[in-house]
Each structure stands twice: as structure tokens, then as C-alpha cells.
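Structure at a glance
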Amino acid sequence: MTDGERLEVYHALLEKSINGELQKHHTTEVSHSFSVPVQTVQKIWRRAKNTSSGEEVDVSHRRKGNCGRKKVHIDLTKIVDVPLRRRKTLRSLAASLDVSCTSLFRCLKEGLIKRHTNAIKPSLSPDNMRARLEFCISMLDSSTMPDDPKFAAMHDVVHIDEKWFYMTKKTETYYLHPVEDPPYRSCRSKNYIGKVMFLAAMARPRFDEEGNEIFSGKIGIFPFAKMQPAKRGSKNRAAGTMELKPMTSIKREDIKELLIGKVFPRIRERWPQGDFGKTIYIQQDNAPTHVDPSDENFRAAASQHGFDIRLMCQPPNSPDLNILDLGFFGAIQTLQHQVCPRTIEELVSAVENSFDEYPTNLVNRIFLTLQSCMQEIMKVQGKNTYKIPHLKKAIMEREGNLPSQMSCNRLLVCDVINYLAT
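Structure report, in brief. Just so we're clear, the structure is a prediction, and the values are computed from it rather than from any experiment.

Each helix and strand counted, the protein chain has 13 helices and 9 strands in total. Its C-alpha radius of gyration of 32 Å places the protein chain more than 25% over the 22 Å reference for a compact globule of 422 residues. Taken over the C-alpha atoms alone, the protein chain extends approximately 105 × 70 × 50 Å along its principal axes. When burial is assessed residue by residue, the protein chain has 37% of its 422 residues classed as buried. Across the protein chain, contacts joining residues at least 24 apart in sequence account for 69% of those joining residues at least 6 apart. Total accessible area on the protein chain is roughly 26600 Å²; 50% of this is exposed by carbon and sulfur atoms. The averaged location of the 50 negative side-chain charges in the protein chain is 9 Å from the averaged location of its 62 positive side-chain charges.

Pairing in this open sheet of 5 strands is mixed, and the strands run β5-β2-β1-β8-β9 from one edge to the other. Bordering the open sheet on either side are β5 (218-223) and β9 (308-313), each of which pairs with just one other strand. Strand-to-strand twist in this sheet, taken as the mean axis angle between neighbours without regard to direction, amounts to 25 degrees. Here strand β8 (residues 279-284) pairs with β9 via 6 bridges, running parallel. Bridge pairing links isoleucine 282 to leucine 311 in β9. Across the sheet, helix α7 (residues 252-270) lies against β1 (157-166), β2 (195-203), β5, β8 and β9, angled at about 150 degrees from β5, the strand it touches most. Contacting β1, β2 and β5, helix α11 (residues 360-379) runs over the sheet at an angle of about 80 degrees to β2.

Looking at where arginine 6 falls in the secondary structure, it is placed in helix α1 (residues 3-16). Within the buried set, arginine 6 has no salt-bridge partner at all; the shortest N-O distance to an opposite charge, 5.0 Å, is to aspartate 3. Setting aside residues no more than four positions away along its own chain, arginine 6 makes contact with Met1, Thr40, Ile44, Arg47, Val59, Ser60 and His61.

Before going further, it helps to examine unusual backbone geometry. The amide bond that connects methionine 145 to the next residue, proline 146, takes the cis arrangement and shows omega of -5 degrees. In this fold, proline 146 is placed in the loop between α6 (126-138) and β1. Of note in this structure, lysine 392 is not a glycine but carries a positive phi near 55 degrees. Mapped onto the elements of the fold, lysine 392 is located in the loop between α11 and α12 (393-399). A residue is classified by how much of its surface remains accessible, and lysine 392, at 61% relative accessible area, is exposed.

In this section: the packing of aromatic side chains. For the coordinates displayed, the defined rule picks out 8 aromatic pairs. Geometrically, the ring pair formed by phenylalanine 165 and phenylalanine 198 is edge-to-face, given 5.4 Å between the ring centres and 90 degrees between the ring planes. In this pair, phenylalanine 165 sits in strand β1 while phenylalanine 198 sits in strand β2, placing the two residues 33 residues apart along the sequence. Phenylalanine 198 matches phenylalanine 165 in its accessibility class, with the two residues each being buried. With a centroid separation of 5.4 Å and 90 degrees between ring planes, the pair formed by phenylalanine 276 and phenylalanine 307 is classed as edge-to-face. With phenylalanine 276 in the loop between α7 and β8 and phenylalanine 307 in the loop between α8 (296-302) and β9, this pair connects stretches of sequence that are 31 residues apart. By relative accessible area, which is 11% here, phenylalanine 307 ends up buried. Aromatic ring contacts, followed pair by pair, group Phe165, Phe198 and Phe329 into a single cluster. Lying over the aromatic face of phenylalanine 165, lysine 163 brings its terminal NZ or CZ to 5.9 Å of the ring centre. Across from the ring centre of tryptophan 271, 5.6 Å away, lies the NZ or CZ of arginine 206, which sits over that ring.

Turning our eyes to something else, we now look at the side chain of histidine 159. Along the chain, histidine 159 falls in strand β1. Overall, histidine 159 belongs to the buried group, its relative accessible area being 1%. Dropping the residues within four chain positions of it, histidine 159 is found in contact with Ala200, Ala201, Met202, Gln283, Leu321, Asn322, Ile323, Leu324, Phe367 and Leu370.

As a further point, take the state of the cysteines. All chains considered together, the criterion is met by 0 disulfides. Between cysteine 107, a cysteine without a disulfide, and cysteine 101, which holds the nearest cysteine sulfur, the sulfur-to-sulfur distance is 11 Å. Residue cysteine 107 is classed as buried on the basis of its relative accessible area, which comes to 8%. Cysteine cysteine 313 shares no disulfide, and the gap to the nearest cysteine sulfur, in cysteine 136, comes to 16 Å. The exposure class of cysteine 313 is partly exposed, given its relative accessible area of 34%.

Calculation notes
Throughout, residues of each chain are indexed from 1 in the direction in which the sequence is written. Owing to the predicted nature of the model, reporting of local features is limited to residues with pLDDT of at least 70; listing and counting of side-chain atom pairs is limited to 80 or more, with chain, interface and lining totals taken over all residues. The side-chain numbers reported here are obtained from all heavy atoms of the structure, hydrogens and water having been left aside. A run of H or I in DSSP becomes a helix once it reaches four residues, and a run of E becomes a strand once it reaches two; helices and strands are each numbered from the N terminus. Atoms considered for the radius of gyration are the C-alpha atoms alone. The globule rule reads 2.2 Å times the number of residues to the power 0.38. When accessible area is computed with a 1.4 Å probe and restricted to protein chains, residues below 20% of their type maximum are described as buried, those above 50% as exposed, and intermediate ones as partly exposed. Between two residues, a contact is recorded if the distance between any of their heavy atoms is within 4.5 Å. Shrake-Rupley sampling with a 1.4 Å probe provides the accessible areas, and residues are treated as covered by the protein chains on show and by no other component. Positive residues here are Lys and Arg, negative ones are Asp and Glu, while His and the chain termini are left out of the count. All charge positions are set by atom: Lys at NZ, Arg at CZ, Asp at CG, Glu at CD. In this description, strands pair whenever DSSP reports at least two bridges between them. Axis angles are defined between N-to-C directions and span 0 to 180 degrees, where every axis is a line fitted to C-alpha atoms and, for a helix, only to the segment in contact. Any carboxyl oxygen of Asp or Glu within 4 Å of a side-chain nitrogen of Lys or Arg constitutes a salt bridge here. Within 6.5 Å between ring centres, the rings of Phe, Tyr and Trp (the latter by its six-membered ring) count as paired, and their orientation is classed by plane angle as stacked under 30 degrees, edge-to-face over 60, tilted in between. Here, a charge over a ring means that NZ of Lys or CZ of Arg falls within 6 Å of the ring centre while also lying within 35 degrees of the ring normal. Our working definition of a disulfide is a cysteine sulfur pair at a distance within 2.5 Å.

Okay, here's the thing in C-alpha cells:
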């Protein structure tokens, strides 16, 4: 019996008692009512009667914690002395601690040890770390300095970056019914899975005072692919049939052509009319194939139709300072893998649909995460050893308290400025 059931038995006996005394048939009636032995009912009543006056009646189990197999004590402080190379699996760690793997797994379930997935991060030089700090300081809103520093709203920045999207992953995880057979997937070579590179352009979404979307921020996602005639015939199509072919080598001229031919027209088409004439910054990383900000053809195309579009580069080796690498690409890739494309055309369509369907309020949250990452970068003097903080943005958004600009510690800003001045 559970402690709750024992308490219900006690209350049933208490209702039948007269001046604290029971008749002979009362325990039998309660025993039949709860389908428990009479002896158990009598023990519960005896314990209640033996409780001293003024004390709370406790009829719960006395065996709690004192029955069953005793736990094996493991000195978990020894874990820190085990080399990391011996801590990659529970079996290896258990062997190093000279304990059973089952006991160690029980510690994992109880939260006494934790599983950690470690990703390789870009190596940063002293100049890289200094550039990261300078970039974070430049993203502060000058109108809030120096008393109450806040990050700029970033409504004038368009983040661009490239990413490969694959037809499928080498390893997939599925949840199956016990009687189901595991799915069979095959290809000629898992090292040559079909893929397409895309260039995405994303600005920060905008909402009115009531929370209604007035600008999605989605400039577009564009594949590096061209329509070409098939060189050979097959059972799927005849020779000469036009089909979409992904570009396998992306050069600087290809990126410049896509920016001028597709990204610029889309910006002019979708940019809010209230910001017409204001400078728009396109933020890119420092990849060798990216367009030089001083390129004459690019600057001429960027100044057409009354727009002032300029290129800016984020600090070297800093993917965490671009919202696409920070969270957006991973999110839409998850959506894309929910579709099973069989052709390049289906892959392109799946990626474009994932881009369009991703909620704009979640894009807005990524921008706030970017601002919080900048503050963490400033705390560690430009290194990338920080942890992305959990801001509980969903709760704040639900309560209507989600800020548009993250505040930054005034003393931290002063320390970083003084550090950069040395």
C-alpha cells in the first residue's frame, strides 16, 4: 500500500470510531472496503492510537529507505582525475573508476553526473578577439551611452551567409512500433549525397505595438543552381531535357552576381517604406569568395533606385555573430529534413518552403540571443569559451515583456572600452 492509501484507511477507521474506540466488525468492514488484510488495518489503527497527544498522526511506511538492495557508493570526485579521452563512453569511464556500468548509468539518471556534447570551435588569435570586442562595442546604441547602454535594434542590418543543404543525412533517427521493420535506405555512395548550396539573406522582423507583424525580415534564400540540358538519356528523362544542376564550385563572381541580380531587387521590393533612404548594411563573414566591400560594380548597383546598401564584415572566425549560423540555419534544416526529396528540384523547394514557413517571432528571438552572446563575449574578453545564456524568451513573449533591445552592464562596457584603449 502507498502512504496515501494507508492514510485513507486511517480516515475511514476514524469516521467509524466512537470516542476513539472501534467495534470488532469495524476493522473487518474497512478491510473489505480497501481489499487489504485485517492485520494491516489493525496495525494502522494501533500506530495512530500510540501517537502522543499534540503530535501529527503518521501512518506511513516505516520501511521507506531501509529496504531493498543498498546502493553502491561511488566517489564521483574521482571523475575529474580521469583523462577526458577515457570519459567518452560510460563503459570506459566505469572501467576507469572500477565500478559497474549499471551503477554509473544510475548516477547519470539521478543527475549526479551529466552528459556533455563538445563541439570544436574556431581558433581565435589575439587580433581576432580584439576585433570581436570592437564589433560588440560598435553594436551598442549610441543614444543609450554611457549611463544605460543597450544594443542597437539592428533593424538596418541584413545577415547573409551560405550553407550546403543535403538530400538526406547519413544517419537518421526514427521512432518505430515494436512490430515495424526498420526502414531500409540506400545510395550508391554515402560520400556523394546530393546537395545544393544556398545563400540566405535575413533582416530583423518588425512588429507594431499590438504585436502584429509589419515586416517579416525574410529577404530570401537563393540556390546556387542552373538549368542545364541533360547530357545523356536515362529511364527518368531523355537526353537534352532541361534539369536543375547544382553548382559545385562557388566563386566570388557567382556570389556578386547573385547579390546584384536577386538579393538587391528583393531588398528593394520588401524593405519597409518608412526606412526608404536610410543606409542598409549587409553583414557577411570573411570567406575568401565573398565580395569586397570596395568593389566598384557592387557599389554602383547598391546605390541604384535611391537605396544606400553597404557591405560590412563580421569579425574573423566568428560565426556566432551571424544570426544564420547562430540558430536560423539549424532550425530550417530541421524543417527541411522532415521532407524526403528525391530530386534537386524537390530539395530546393523543401529548403525554400522551410525558409518561408519558419515563424518570424522565432527569428526575432535569435536576434535577442545574438545580443546576449555579444554581452557574454565581452565578459570573456573576446574569447569563445562562453555559454549561450537562457533568457526564457518564450515566457517573456507570452507575458508581453520581450524587449527589442538587450541591456548591457555599464561597468562591463567601461571595462571593455578601457581594455581596447590600451
